[in-house]
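Architecture at a glance
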There are 2 protein chains.
Amino acid sequence: MFDPAPILSGERRALARLLTRVENSAPEAEAALAALFPHTGRAHIIGVTGAPGTGKSSLVNELAKAFRQSGNTVAIVAVDPTSPFTGGAILGDRIRMRDLSGDPGVFIRSMASRGMLGGLARTTADVVKVLDAAGFAIILIETVGAGQAEVEIARMAQTTLVVEAPGLGDEVQGIKAGILEIADVLVVNKADRPGAEAALRALRASLDLAPRAARSSLAAHHHLSSPDKRAVDESQAWTPPILLTVATEGKGIPDVIEALRRHRAFLHDTGDGRQRERERLRQELELRLRETLLANLLARLQTGAMDGMVERLLAREIDPANAVKQLLIG
Amino acid sequence: MFDPAPILSGERRALARLLTRVENSAPEAEAALAALFPHTGRAHIIGVTGAPGTGKSSLVNELAKAFRQSGNTVAIVAVDPTSPFTGGAILGDRIRMRDLSGDPGVFIRSMASRGMLGGLARTTADVVKVLDAAGFAIILIETVGAGQAEVEIARMAQTTLVVEAPGLGDEVQGIKAGILEIADVLVVNKADRPGAEAALRALRASLDLAPRAARSSLAAHHHLSSPDKRAVDESQAWTPPILLTVATEGKGIPDVIEALRRHRAFLHDTGDGRQRERERLRQELELRLRETLLANLLARLQTGAMDGMVERLLAREIDPANAVKQLLIG
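First, a word on what this report is: a plain description of the structure on this page.

Scoring rules and cut-offs
Residues numbered from 1 in each chain as written. Chains lettered and ligands numbered in written order. Predicted model: local features only at pLDDT ≥ 70, side-chain atom pairs only at ≥ 80, totals over all residues. Heavy atoms only, no water. Helix = DSSP H or I, 4+ residues; strand = E, 2+ residues; numbered from the N terminus. Buried < 20%, exposed > 50% of the residue type's maximum accessible area, 1.4 Å probe, protein only. Contact = heavy atoms within 4.5 Å. Pairing = 2+ DSSP bridges. Axes fitted to C-alpha atoms, helices over the stretch in contact; angles between N-to-C directions. Left-handed = near helix turned anticlockwise from the far one by under 90°. Nonpolar A, V, L, I, M, F, W, Y, C, P; charged D, E, K, R; others polar. Phe/Tyr/Trp six-rings, centres within 6.5 Å; stacked < 30°, edge-to-face > 60°. Lys NZ or Arg CZ within 6 Å of the ring centre and 35° of its normal.

This next bit is on the overall build of chain A. The helix and strand inventory of chain A stands at 16 helices and seven strands. Counting across all 330 residues of chain A, residues that qualify as buried make up 53%. Sequence-distant contacts in chain A: of pairs separated by 6 or more residues, those separated by 24 or more amount to 79%.

Given below as structure tokens:
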């Protein structure tokens, strides 16, 4: 039987042990997550994403320090969807440990996707839930890059901060376009380098172009007539601020903290935060239903039924749509 | 009723129309895909991936021209998982059209992920199936970047070519590590630039480190004792060649074509290709089963049952695991 008390009181060894179980999808993890779920929903979950070379890790460290100085506890989840060959995660962690370790109000967890492709977003969501239940006021999720995995991970955040930096080359800047739409706060880091002003202008221009489709379509999707949504009109739309920082020198950090807090207040006041969480929970529920239904079906099927059907597909004796029909009837 | 004849004879307008239906998940597409499935499995499907700035599009164009010169028909599927704001896809297409348009043995299709996040890999797989049934000897799937979506798209290829280029900066090179394992052929493009030799050495060193886990685990996964697999021993393992090209000048292209052909022969001779396709078909079958099972469940549930459960989750009255149990009982 899982005892949630050590986690709820933030006991670090119990926390680390449980997170390892969650990452390994150990059977005990499921019961623990169910028991902890009622205690979630209090943290401010902030996703930080951006291309390699933008100084994302340094920025996350400075944000953590600033939040600590104003008395908030902070958990950092560093997610590296590339393989451990990069070495990047390890280096970032070392700097991080030097700056933040020893502070009992900070908890750091690094995750790599090695061997869990496709499951990283799900595992990260569960890790964040545990940290939320453990009472951390701020949870910073740091991801590398702008791929689909990062976008999915960013979606579990309440506030998404996208980091840019000058001088990474035009084409590299291009990949950011995919994540601009999900940005609630934009930061041009390394702002003491040449090209910072140009980057700022380019971002402004891109923001004007981007209709923030993801977020507005989300609002348009459900319960349009609910009181929550009626409260949101054009005048209350969120415009992502673009801020300049030099994270390694701590410059510009207070403005970023302020923007993150303003965004959280916006989410609360407009009901947008509740709507986003509703959507997240619905997606999680559907994902779990799909997995459970498939597992139940596979357990019901006769031994070899799936293997046999795969061989028939391989021989082009049946097509995938009809294979599904036959397996569901049989 | 769907008539497959125009597609099977490669009629371009019918092909373009069907691909649009496939991309839009139109109801007629499902019947067409089922009818065409028996005619698939003949093309050599080649995935080409790499970071922005590596000259991937130019390389794909040159490969297409070289394949055409030796009498093969070629289809190119350009997949851009970032948003259309980049403009990259459009520019690449223009150069492509100038070089290749007017040749009836070449068919080009561009796809963007806008609004279909998560479904891009599935749609790309279906587009490739249609082109395969239409009789194209070579299908080149070009993707941007090294995120999860790209890795998934690369997995539907028989042969994966990873493009690198010198001088993109150390950290950008880092992200390639995630795709090195899936590379069957490695190309250092822009090899006339400084740093090409260093890039070559770095790739060799990385390859020595990388155990090619994805591919070998795939082989280890299923039917270990089948005759197909017994034929594969250590001496027959594939070592990804690393080749230098200057695509804009056509340099090094014949060696790349030769490597792609050797890899296809390897897949055939060792039974590895059949094993990979078996695995792909199994994954597709499971994906479709999951989707169909969920759709069936949602149709069976009482109106508002899902909405009500989401509200209970939002209020923390129930946890996701128990919500699944209740929906499956109810």
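Back to the write-up after that little detour.
This part is about the side chain of K129 of chain B. By the element assignment, K129 of chain B lies in helix 6 (residues 120–133). By relative accessible area, K129 of chain B is classed as buried at 14%.

For a regular strand, side-chain orientation follows a simple rule: the groups alternate between the two sheet faces. All names here are of chain A. Covered by surrounding structure in strand 6 (residues 185–188) are V185 and V187 together with L186 and V188, the residues of both alternating faces. Bridge count for strand 5 (residues 159–164) against strand 6 is four bridges, and the pairing is parallel. Bridge pairing links L161 to V185 in strand 6. Sheet analysis places strand 6 next to strand 7 (residues 242–244), joined by three bridges and oriented parallel. When the sheet's bridge partners are listed, L186 is paired in strand 7 with I242.

Checked against the element boundaries, L294 of chain B lands in helix 14 (residues 272–300). Owing to a relative accessible area of 5%, L294 of chain B belongs among the buried residues under this scheme. Here L294 of chain B is in contact with E286, L289, R290 and L293 of chain A, once residues within four sequence places are set aside.

Residues and elements named next belong to chain B. Running from N to C, helix 2 (residues 12–23) and helix 3 (residues 27–36) cross one another at 115 degrees; their axes reach a closest spacing of 8 Å. At the point where helix 2 passes helix 3, the crossing takes the left-handed sense. In contact with L18, R21 and V22 of helix 2, helix 3 contributes E28, A29, A32, L33 and L36. Looking at the contact of helix 2 with helix 3 residue by residue, the class counts come to six nonpolar, no polar and two charged.

Quick look at the environment of I108 of chain B now. As for its placement among the helices and strands, I108 of chain B is situated in strand 3 (residues 106–112). The sequence separation of I108 of chain B and G195 of chain B amounts to 87 residues, and the corresponding C-alpha distance is 33 Å.

Residues and elements named next belong to chain A. Extensive coverage of strand 2 (residues 74–80) is indicated by the burial of seven of its seven residues. The alternating pattern of strand 2 places V74, I76, A78 and D80 on one face and A75, V77 and V79 on the opposite face, and all of these are buried. Bridge count for strand 2 against strand 4 (residues 138–143) is six bridges, and the pairing is parallel. By the bridge assignment, A78 is partnered in strand 4 with E142.

This part is about the packing of aromatic side chains. With the rule as written, the count across this model stands at four aromatic pairs over all chains. Relative to F266 of chain A, the ring of W238 of chain A lies with its centre 5.4 Å away and its plane at 45 degrees, an arrangement referred to as tilted. With W238 of chain A in the loop between helix 12 (227–230) and strand 7 and F266 of chain A in helix 13 (residues 253–270), this residue pair connects regions lying 28 residues apart in the sequence. With 6.0 Å between their ring centres and 45 degrees between their planes, F107 of chain B and F136 of chain B make a pair best called tilted. With F107 of chain B in strand 3 and F136 of chain B in the loop between helix 6 and strand 4 (138–143), this residue pair connects regions lying 29 residues apart in the sequence. With respect to class, F107 of chain B is no different from F136 of chain B; both count as buried. Above the ring of F37 of chain B, the side-chain terminus of R316 of chain A is found at 4.7 Å from the ring centroid.

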